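Structure assessment
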Amino acid sequence: MIKTSTYKKYIQELTKIKDSGLSIKEYCKKNSISLGRYYNFISEVRKSKPSDLTKEVLELYSSLTTVVSVDTDDRAEINLVRDTSSGKIQYYTYKIYKKKKLPLQGSFTREEMDSIYRLYSYYGSSLTQRQVSRFFPDLSLVDFKRVLRAFNITKASSPFAPHMIEEKTIEELKEIQLREKENDFLKRIEEDRIKNNEILLKKYIQENLELKQQLTEIQSINIDVNKDFEPIKILKFEDTSNQSINLYLADMHLGATVTSGPLYEENINYGLDEAKHRLKKVLLKTASFGSFDTINIVLLGDNIDCCGKTGYTARLDHLMPQSMDAREQAVSYIELIDWFIHNLISFNITSNINIYSVPNGNHSGDFEYICNKAIMNLINAKYPDISTTLWDKFYGWFELNNHVFLCTHGKDSSYMSKPLPLILNEKTQVMLYEFINENNIKSSNPIHIIKGDLHSNSLTSCKLFDYRNVLSLFGASDYSSYNYSRNSWGVSYDMFLGDNLVRGTFENI
């Protein structure tokens with residue numbers, strides 16, 4: 001029950017506000033007074049038993065809700081129309097005067113006004129003025145802005161209209177706001193789900209079209225593997241050299257070009273001729289070691305720069321600068337590997353050559369897999385003594401001198417959000433442990449994990465295996481230089497001298 005002294009106190013304060021010519025809200029803001037205390041008091045008065053004091057307070061309060069807005073560009077009159085018996089707000093009216101034009105006037109129901117506050121305020125849905133105005137098609141955007149200014153509705157306003165604040169307790173308002181937030185959250189989840197489904201559908205349609213285009217381009221590549229030639233025989237050695245070597249040809253990126261300034265300048269004129277020039281140096285360095293029992297050539301992916309759609313990586317979400325179209329990249333890559341094998345044979349330093357290839361990279365995707373398939377067929381036809389293996393999974397492995405070499409590009413064409421790291425971390429270590437165990441890969445020596453992708457040479461290890469990133473023949477890209485480490489071009493190798501494993505690089509040669 002409200003005391004008589006409290007009634008008199010608020011009557012005195014409301015009379016003072018009326019005499020100031022300001023609204024309650026304006027008066028409280030000007031004098032740094034809490035507006036909520038008046039709303040709470042009026043709410044309690046309406047719940048009290050009617051009397052002369054309650055009638056006087058409600059009439060005085062009602063007279064203060066019809067004001068002339070002083071914060072708008074145009075003079076405006078707004079009115080909170082109340083029920084004569086209960087004093088509750090029934091609806092809202094406005095009349096906004098415009099120079100040399102008829103005034104803009106109209107009304108809002110309680111529900112309409114509540115939706116404006118809820119949708120526009122920062123603590124509600126925080127929609128823009130344009131978005132909220134679409135719920136009121138009878139008002140243009142300009143007129144809707146005038147209405148907001150007339151009622152002094154801003155982003156900082158409460159998410160509740162005046163009638164809600166007057167009639168509900170603070171706890172009830174909190175509960176309503178929580179429900180509104182929950183409804184908005186669920187609605188946005190549904191909208192995002194629909195939006196994501198549309199994006200995925202468009203992506204799958206695009207990928208389907210790209211794959212069809214890739215197949216068309218591959219069919220048009222003219223490489224005659226059945227032309228009239230005598231198969232080349234590799235000379236046999238009478239004695240063994242007691243040394244073997246793995247050459248890792250990784251990230252050649254034929255067709256790529258650097259446009260935004262790498263840290264190193266060796267890739268300004270990179271193309272097929274430059275790739276041959278670099279591999280010739282690798283061959284000369286390899287031959288300088290003498291003869292080998294076995295030479296393994298491992299193609300570690302991203303040896304062409306696009307996925308079949310010129311300029312795009314395998315996920316079709318990243319555009320790269322290119323110096324060749326897709327067909328030129330495929331033809332150049334096949335020619336380069338054929339040239340490399342032919343010259344390796346001509347050096348006559350081994351009688352046993354094996355070629356291994358990972359399935360794809362994050363740049364080249366299935367397009368490179370098709371190119372590698374063509375390379376393997378060409379090698380098998382021209383050099384029948386050479387063994388070829390084209391893995392079809394993310395990892396592939398082979399044995400040399402009782403050591404297992406587990407090879408991968410380092411990032412796939414579809415699923416991995418991040419590449420396998422430069423330095424072995426705990427997450428990658430667990431994943432590799434699980435893969436090795438699942439595939440029952442056994443070795444009396446530590447298993448050697450070999451990967452490309454990051455254009456850098458590094459080696460870390462744990463009890464079961466060591467983990468090596470190898471160099472890129474392409475070398476410096478602006479992305480890898482700035483995000484990982486120095487990466488001038490080169491080829492990494494693992495060489496056995498008897499039973500001793502020597503790990504090195506042909507770099508800056």
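Just so you know, these numbers come straight off a predicted model, no measurement behind them.

Broken down by element type, the chain carries 14 helices and 15 strands. Counting all 509 residues of the chain, 47% fall into the buried class. Taking all contacts inside the chain whose residues are at least 6 apart in sequence as the whole, residues at least 24 apart take part in 67%. Of the accessible surface of the chain, which amounts to about 26900 Å², a share of 50% is contributed by carbon and sulfur atoms.

Looking now at the sheet that holds strand β12 (residues 458–461). Strand order in the open sheet formed by 5 strands is β9-β10-β11-β13-β12, with mixed pairing between adjacent strands. Each end of this open sheet is capped by a strand with a single partner; those strands are β9 (396–400) and β12. Strand-to-strand twist in this sheet, taken as the mean axis angle between neighbours without regard to direction, amounts to 20 degrees. Relative to strand β10 (residues 403–408), β9 runs antiparallel, the two sharing 5 bridges. Paired with Glu-399 across the two strands is Val-404, which belongs to β10. Across the face of the sheet, helix α13 (residues 426–438) comes into contact with β9, β10, β11 (447–451) and β13 (465–469) while running at roughly 120 degrees to β13.

This paragraph deals with the pairing of strand β4 (residues 101–109). Bridge count for strand β3 (residues 89–98) against β4 is 7 bridges, and the pairing is antiparallel. What sits directly across from Lys-95, in β4, is Gln-105. The turn joining β3 and β4, which pair antiparallel and follow one another in sequence, is formed by 2 residues; a positive phi near 55 degrees is taken by Lys-100.

Once that is clear, we can look at unusual backbone geometry. At Asp-251, a position not held by glycine, the phi torsion is positive, near 50 degrees. Tracing the backbone shows Asp-251 in the loop between β5 (243–249) and α10 (272–287).

Further remarks concern the packing of aromatic side chains. Under the definition given, this model contains 21 aromatic pairs. Plain terms: the ring middles of Tyr-7 and Phe-41 are 6.1 Å apart, the flat faces sit at 70 degrees to each other, and that makes the pair edge-to-face. Of this pair, Tyr-7 sits in helix α1 (residues 4–20) while Phe-41 sits in helix α3 (residues 36–47); the two residues are 34 residues apart in sequence, bridging distant segments of the chain. Given the relative accessible area of 6%, Tyr-7 is considered buried. Accessibility expressed as a relative area gives 7% for Phe-41, which makes it buried. Ring pairs connect the aromatic residues Tyr-92, Tyr-94, Phe-108, Phe-136, Phe-144 and Phe-151, which therefore count as one cluster. Lying across the ring of Tyr-38, Arg-37 places its NZ or CZ 5.0 Å from the centre.

Topologically, Lys-451 is positioned in strand β11. Summary of buried charges: Lys-451 has no salt-bridge partner, and the nearest side chain of opposite charge, Asp-453, is 4.9 Å away. Of note is the side chain of Lys-451, whose polar atom sits 3.5 Å from the backbone oxygen of Leu-420. Sequence-distant contacts of Lys-451, that is, excluding residues within four places in its chain, are made with Leu-300, Thr-408, His-409, Gly-410, Leu-420, Pro-421, Tyr-467, Arg-468, Asn-469 and Val-470.

Before going further, it helps to examine the nonpolar core. Counting residues in hydrophobic clusters, the biggest one holds 47 residues, and the most contacted among them are Ile-297, Tyr-333 and Ile-341. Among the secondary structure elements, those contributing two or more residues to this core are β5, α10, β6 (294–299), α11 (326–346), β7 (353–357), α12 (365–382) and β14 (490–497). For Ile-297, the residues in contact, after removing those within four places along its chain, are Leu-247, Leu-249, Phe-340, Ile-341, Leu-344, Ile-353, Asn-354, Ile-355 and Tyr-356.

We now examine the pattern of salt bridges. A full pass over the atoms with the stated rule returns 12 salt bridges. Two residues, Arg-37 and Glu-13, come together in a salt bridge whose shortest N-O distance is 3.0 Å. Of this pair, Arg-37 sits in helix α3 while Glu-13 sits in helix α1, and the two are 24 residues apart along the sequence. Using a relative accessible area of 26% as the deciding quantity, one classes Arg-37 as partly exposed. The exposure class assigned to Glu-13 is partly exposed, which follows from its relative accessible area of 21%.

The next point concerns empty space enclosed by the protein. Scanning the entire structure with this criterion turns up 1 cavity of 30 Å³ or more. There is about 80 Å³ of room inside the largest cavity. Arg-118, Tyr-123, Gly-124, Gln-177 and Glu-180 are, among the 10 residues lining the largest cavity, the residues nearest its centre. Looking at the lining of the largest cavity, the element that brings in the most residues is helix α9 (residues 170–220), giving 4 residues. Grouping the amino acids of the lining of the largest cavity by side-chain chemistry returns 3 nonpolar, 3 polar and 4 charged.

So, about the packing of α1 against helix α4 (residues 52–63). The geometry of a pair of packed helices is captured by two quantities: the angle between their axes and the separation between those axes. Contact geometry for α1 and α4: axes closest at 10 Å, N-to-C directions at 20 degrees. In terms of axis orientation, α1 runs roughly parallel to α4. Note on packing geometry: the crossing formed by α1 with α4 is left-handed. Within the contact between the two elements, α1 uses Thr-4, Tyr-7, Ile-11, Leu-14, Thr-15 and Lys-18 and α4 uses Leu-53, Thr-54, Glu-56, Val-57, Leu-60 and Ser-63. Broken down by class, the residue content of the contact of α1 with α4 amounts to 6 nonpolar, 4 polar and 2 charged.

This paragraph deals with a nonpolar patch on the surface. A cluster of nonpolar side chains, namely Leu-201, Ile-205 and Leu-209, defines an oily patch on the protein surface of about 290 Å² accessible area. Among the secondary structure elements, Leu-209 is positioned in helix α9.

Quick look at the side chain of Asp-466 now. Here Asp-466 lies in strand β13. Within the structure, the side chain of Asp-466 is placed 3.0 Å from the side chain of Arg-503, a separation counted as a polar contact. Among all residues touching Asp-466, those that are not within four sequence positions of it are Ile-447, His-448, Ile-449, Leu-459, Thr-460, Ser-461 and Arg-503.

Calculation notes
Residues numbered from 1 in each chain as written. Predicted model: local features only at pLDDT ≥ 70, side-chain atom pairs only at ≥ 80, totals over all residues. Heavy atoms only, no water. Helix = DSSP H or I, 4+ residues; strand = E, 2+ residues; numbered from the N terminus. Buried < 20%, exposed > 50% of the residue type's maximum accessible area, 1.4 Å probe, protein only. Contact = heavy atoms within 4.5 Å. Areas by Shrake-Rupley, 256 points an atom, 1.4 Å probe, with all protein chains shown as cover. Pairing = 2+ DSSP bridges. Axes fitted to C-alpha atoms, helices over the stretch in contact; angles between N-to-C directions. Phe/Tyr/Trp six-rings, centres within 6.5 Å; stacked < 30°, edge-to-face > 60°. Lys NZ or Arg CZ within 6 Å of the ring centre and 35° of its normal. Lys, Arg positive; Asp, Glu negative; His and termini not counted. Salt bridge = Lys/Arg side-chain N within 4 Å of Asp/Glu carboxyl O. Polar contact = N/O pair within 3.5 Å; in protein donor to acceptor, adjacent residues only side chain to side chain. Core = buried A, V, L, I, M, F, W, Y, C linked by side-chain atoms within 4.5 Å. 1 Å grid on protein atoms, 1.4 Å probe; cavity = no way out; pocket = protein on both sides within 12 Å on 5 of 7 lines; lining within 4 Å. Points joined across faces, edges and corners; volume = space filled by probe spheres on them. Nonpolar A, V, L, I, M, F, W, Y, C, P; charged D, E, K, R; others polar. Parallel < 35°, antiparallel > 145°, perpendicular 65-115°, else oblique. Left-handed = near helix turned anticlockwise from the far one by under 90°. Patch = residues over 30% accessible without salt bridge, like charges linked within 9 Å, V, L, I, M, F, W, Y side chains within 5 Å.

From the geometry alone we can't say anything about function, so treat these as descriptive.
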